[in-house]
Amino acid sequence: MTEDNLSSHLDRASLAPDPEFTAHANGTQAMYAEAEADHEGFWARQARERITWARDFDQVLDWSNAPFAQWFVGGELNVAYNCVDRHVEAGRGDKVAFHFEGDQGDTRTITYADLLAEVCKTANTLASLGVGKGDTVAIYMPMIPETVFTMLACARIGAPHSVIFGGFSAEALHTRIADANAKLVVTTDGQWRRGKPAPLKMAVDEAVDHGGAVSPVEKVLVVQRTGIEVRWTEGRDVWWHDVQPGQSSTHEAVPHDAEHPLFILYTSGTTGKPKGIFHTTGGYLTQAAYTNAVVHDVHPETDVYWCTADVGWVTGHSYIVYGPLANGATQVLFEGTPDTPHQGRWWEIVEKYGVTILYTAPTAIRTFMKWGHDIPERFDLSTIRVLGSVGEPINPEAWLWYRKYIGGDRAPIVDTWWQTETGAIMISPLPGVTTLEPGSAQRPIPGVSAEILDDEGHPFTEPEKVGYLVLTKPWPSMLRGIWGDPDRYVDTYWHRFGPEYYFAGDGAKYDANGNIWLLGRVDDVMNVSGHRLSTAEIESALVSHHAVAEAAVVGASDETTGQAVVAFVILRSEATDEAAADEDGMIASLRNHVAKEIGPIAKPRSVMVVPELPKTRSGKIMRRLLKDVAEGRDIGDATTLADSSVMALIAKGLGKG
Ligand code: WT7
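Criteria and cut-off values
Residues numbered from 1 in each chain as written. Predicted model: local features only at pLDDT ≥ 70, side-chain atom pairs only at ≥ 80, totals over all residues. Heavy atoms only, no water. Helix = DSSP H or I, 4+ residues; strand = E, 2+ residues; numbered from the N terminus. Rg over C-alpha atoms; globule rule 2.2 N^0.38 Å. Buried < 20%, exposed > 50% of the residue type's maximum accessible area, 1.4 Å probe, protein only. Contact = heavy atoms within 4.5 Å. Areas by Shrake-Rupley, 256 points an atom, 1.4 Å probe, with all protein chains shown as cover. Lys, Arg positive; Asp, Glu negative; His and termini not counted. Charge placed at Lys NZ, Arg CZ, Asp CG, Glu CD. Domains from an automatic or database assignment. Buried area = accessible area lost by both parts, 1.4 Å probe. Salt bridge = Lys/Arg side-chain N within 4 Å of Asp/Glu carboxyl O. Polar contact = N/O pair within 3.5 Å; in protein donor to acceptor, adjacent residues only side chain to side chain. Nonpolar A, V, L, I, M, F, W, Y, C, P; charged D, E, K, R; others polar. Pairing = 2+ DSSP bridges. Axes fitted to C-alpha atoms, helices over the stretch in contact; angles between N-to-C directions. 1 Å grid on protein atoms, 1.4 Å probe; cavity = no way out; pocket = protein on both sides within 12 Å on 5 of 7 lines; lining within 4 Å. Points joined across faces, edges and corners; volume = space filled by probe spheres on them. Phe/Tyr/Trp six-rings, centres within 6.5 Å; stacked < 30°, edge-to-face > 60°. Lys NZ or Arg CZ within 6 Å of the ring centre and 35° of its normal. Near = heavy atom within 4 Å.

A count of helical and extended segments in the protein chain gives 20 helices and 30 strands. Here the C-alpha atoms of the protein chain give a radius of gyration of 25 Å, agreeing with the 26 Å that 2.2 N^0.38 yields for 657 residues. Within the span of the protein chain, comprising 657 residues, buried residues form 61% of the whole. Taking all contacts inside the protein chain whose residues are at least 6 apart in sequence as the whole, residues at least 24 apart take part in 71%. When the accessible surface of the protein chain is totalled, it reaches about 24300 Å², and 50% of it is carbon and sulfur. Each charge class in the protein chain can be summarised by its mean position, and for the 56 positive and 87 negative side chains these summaries are 1 Å apart.

Quick look at the structure:
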């Protein structure tokens, strides 16, 4: 995969922390023992030291109604005040909050004072459109400053937001708007993608109109980003530029209860229906700020921090909006793509702003490896001092490349394991403290406890034995549930190994040094480019196509994206002639159908038309066997199949028999 063998160049001693780094690091070795000795006391200290409370809390954790947690009971705070106002009040209003870099090369510098004015104007705008505390707001926007203003304005008012990634379809948007009962949608006319404008509001129109059905949406607030033509619904649609600029730039940040809902974020589960994971106020902000300080080692006075995630995912929530802003950091906010206008775009940005901390995903790193190290080598990356990875396991080869060509052979890499559900980082090295192990997320951060269980639910520590990752103590930024479905919350996370273990859905093992290695999902959830997709959701999209009788989807390993979506379909008999006449056309139509139903991110890499699917006697599809086919391996144990000739039929159909 690479031109040189990186591991043979590795000086293992260099993976120990540099004493110079340790001397200034936010995280310390002592924190582990401190948190171990007094779990609640440790978190109470983080909450009081990092967050400004309007009313101090009376109780750290109420776990009496487990697994429904309450953290910092009785406490009151305003998240937007913590992320913006208090920095301005402390005389840091001139400090840059965001260096915004647009897709078209347009830029904006937003100081904390600017951010305060914009958030207040946006909060007043939302209020003028009838949004009050407890109302939900859907946000369907690209990576522009107005997206951040809107999220913070919602937090300020106490209106939970539901950000829906701009790559999701109108259909996916409709489901999420309905589930959260959103009364306002904030969107843009269009979004820039690789130098071209693409419509965005159009999907909102489709989602809200949805065949004339009743929608909870009363208003649609539209930021003009591209100038692309839009359809306008009088009385419902409102231009941002008509209402936001004229609002007052002050707005009182009233305190909210520590357990007031902050946001809902939909993620894929093992069924066709996405789960609305919801997070609350005090615990979430505490852990987002704490982890951004000790794991990314953000020093707001000197660092320029860049998290490349989209705000549509949890990484963007916790590590662009809430954590870094609570800490008063200076950030880069980037709307574009890595290869437009050229493959050095990211490194040009690092050089331009003097980025010191970069947080990205393994899939991006593997793409850069493919493009070649001579591209980053053309830029000055010497300011980089911490690198982060998130979203999927980072293979040691990619880790070593990242370290060498981006981190100048010196920057510590933090491989951070967490989930939409955990709200913030859970397992990761601490830079300046941990001796690094390439490819491993290593150990739970101070304040977090994890174990690996065997099939019977017993914890073990033997190296190299594969088991299930569980979390053994509640944590402040834990999900408080699934929106509107408390039973599903209990069943999904607290049932498999009993009520004392949070089951993450990931396989894991220890190495001989006690480091934890994450091994991917153990359920029917795929991870494509660090994005979570459900096999069931894509299967149900496929069977909604007129030509499909049955579908099975697997995540096949892929060099760049980690996993890729591979679909196997059985066609309806009346569609077989159509397919025989134009097989490529049929396959393209199926792939596009998935993109339309869910979004381009879910579009299968390949679709294979098969005469049968392998099933057990109880009718369950054996995806393991299909995965063997998709990954080009010999087919594994097929003895539990109801009809053992099926795999031969499939192989024959694919021209491999
Ligand atoms: C799943 C969560 C965490 C924010 C982005 C994804 C996988 C995440 C790592 C890592 C190995 C990882 C897990 C997890 N994952 N980070 N550092 N090493 N696996 O959030 O969409 O909620 O997905 O991503 O499988 O369960 P998400």
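From this point, the narrative continues.
Looking now at the domain arrangement of the protein chain. Partitioning the protein chain into structural domains gives domain 1 (17-337 + 416-505) and domain 2 (529-652). The gap between the C-alpha centroids of domain 1 and domain 2 is 34 Å. Domain 1 puts 19 residues into the contact, and the matching count from domain 2 is 13 residues. For the pair domain 1 and domain 2, the summed buried surface comes to about 1100 Å²; carbon and sulfur atoms form 48% of the total. The interface formed by domain 1 and domain 2 holds one salt bridge in total. A salt bridge links E421 to R532; its shortest N-O distance comes to 2.8 Å. At the surface where domain 1 touches domain 2, the tally comes to nine residue pairs in polar contact (both at pLDDT 80 or more). Considering every element that reaches the side of domain 1 that touches domain 2, the biggest residue donor is helix α7 (residues 170-180), with three residues. Taken together, the residues of the side of domain 1 that touches domain 2 break down into five nonpolar, ten polar and four charged.

Further remarks concern the sheet that holds strand β4 (residues 96-101). Within the open sheet, the seven strands sit side by side as β5-β4-β17-β16-β18-β19-β20. Their pairing is mixed. The sheet terminates laterally at β5 (107-111) and β20 (413-416), the two strands that pair on one side only. The mean inter-strand angle of the sheet, taken between neighbouring strand axes irrespective of direction, is 20°. Those strands touched by helix α6 (residues 145-157) are β4, β5 and β17 (330-334), and its axis lies near 30° from that of β5.

Before going further, it helps to spend a moment on the environment of A288. Mapped onto the elements of the fold, A288 is located in helix α10 (residues 282-294). A relative accessible area of 0% means that A288 is categorised as buried. Considering only alpha carbons, one finds A288 and A326, 38 residues apart in sequence, at a separation of 8.4 Å. The contacts of A288, once residues within four sequence positions are left out, are S318, Y319, G323 and A424.

What follows concerns the pattern of salt bridges. According to the stated counting rule, one finds 35 salt bridges in the structure shown. The closest approach of N and O atoms between R236 and D205, which form a salt bridge, is 2.8 Å. With R236 in the loop between β11 (219-223) and β12 (237-239) and D205 in helix α8 (residues 201-209), this pair connects stretches of sequence that are 31 residues apart. Accessibility classification places R236 together with D205 in one group, the buried group. A salt bridge links D506 to R521; the shortest N-O distance between them is 3.4 Å. With D506 in strand β24 (residues 502-510) and R521 in strand β25 (residues 516-521), this residue pair connects regions lying 15 residues apart in the sequence. On the accessibility criterion, D506 (8% relative accessible area) is buried.

Turning to the sheet that holds strand β23 (residues 481-482), a few remarks are in order. One open sheet accounts for eight strands, arranged β12-β11-β8-β6-β7-β14-β15-β23; its pairing is mixed. The open sheet is flanked by β12 and β23, the only strands paired with a single partner. Its contacts with the sheet put α7 on β6 (137-140), β8 (184-188) and β14 (261-267), and the angle it makes with β14 is roughly 145°. In this fold α8 packs onto β6, β8, β11 and β12, with an angle of close to 155° to the strand it touches most, β8.

This brings us to the layout of surface pockets. One number sums up the size of the second largest pocket: a volume of about 340 Å³. Lining the second largest pocket we find 19 residues, and of these D18, E20, F21, R385 and P412 sit closest to its centre.

What follows is about the packing of aromatic side chains. Evaluated as defined, the whole model comprises 34 aromatic pairs. Between W494 and Y502, the ring centres sit 5.6 Å apart and the planes meet at 70°, which makes this aromatic pair edge-to-face. By relative accessible area, which is 0% here, Y502 ends up buried. For the ring pair F497 and F503, a centre distance of 5.4 Å and an interplane angle of 80° mean the geometry is edge-to-face. The buried category is assigned to F497, whose relative accessible area is 10%. F503 sits in the buried class, given a relative accessible area of 11%. Residue placement shows R496 over the ring face of Y468; its charged tip is 4.9 Å from the ring centre. A cation over a ring is seen here: K509 above W517, with NZ or CZ 5.7 Å from the ring centre.

Okay, the site of the ligand next. By nearness alone, 17 residues border the ligand, and D415, T420, D506, R521 and R532 come closest of all. In the environment of the ligand, an oxygen atom lies 2.8 Å from a nitrogen or oxygen atom belonging to the side chain of R521. Within the side chain of R532, one N or O atom sits 2.8 Å away from an oxygen atom of the ligand. Contact with the protein chains removes 96% of the 550 Å² of surface that the ligand exposes when unbound. When contributions to the shell around the ligand are tallied by element, the ones reaching two or more residues are α11 (314-326), β20 and β25. Per-class residue counts for the shell around the ligand are six nonpolar, six polar and five charged.

The subject of this paragraph is the side chain of T340. Inspection of the secondary structure puts T340 in the loop between β17 and α12 (345-353). Polar contacts involving the side chain of T340 include one to the side chain of T337, which spans 3.1 Å. Engagement of the side chain of T340 in a polar contact is seen with the side chain of D339, the distance being 3.5 Å. Not counting residues up to four positions away in its chain, the partners in contact with T340 are R194, G195 and R345.

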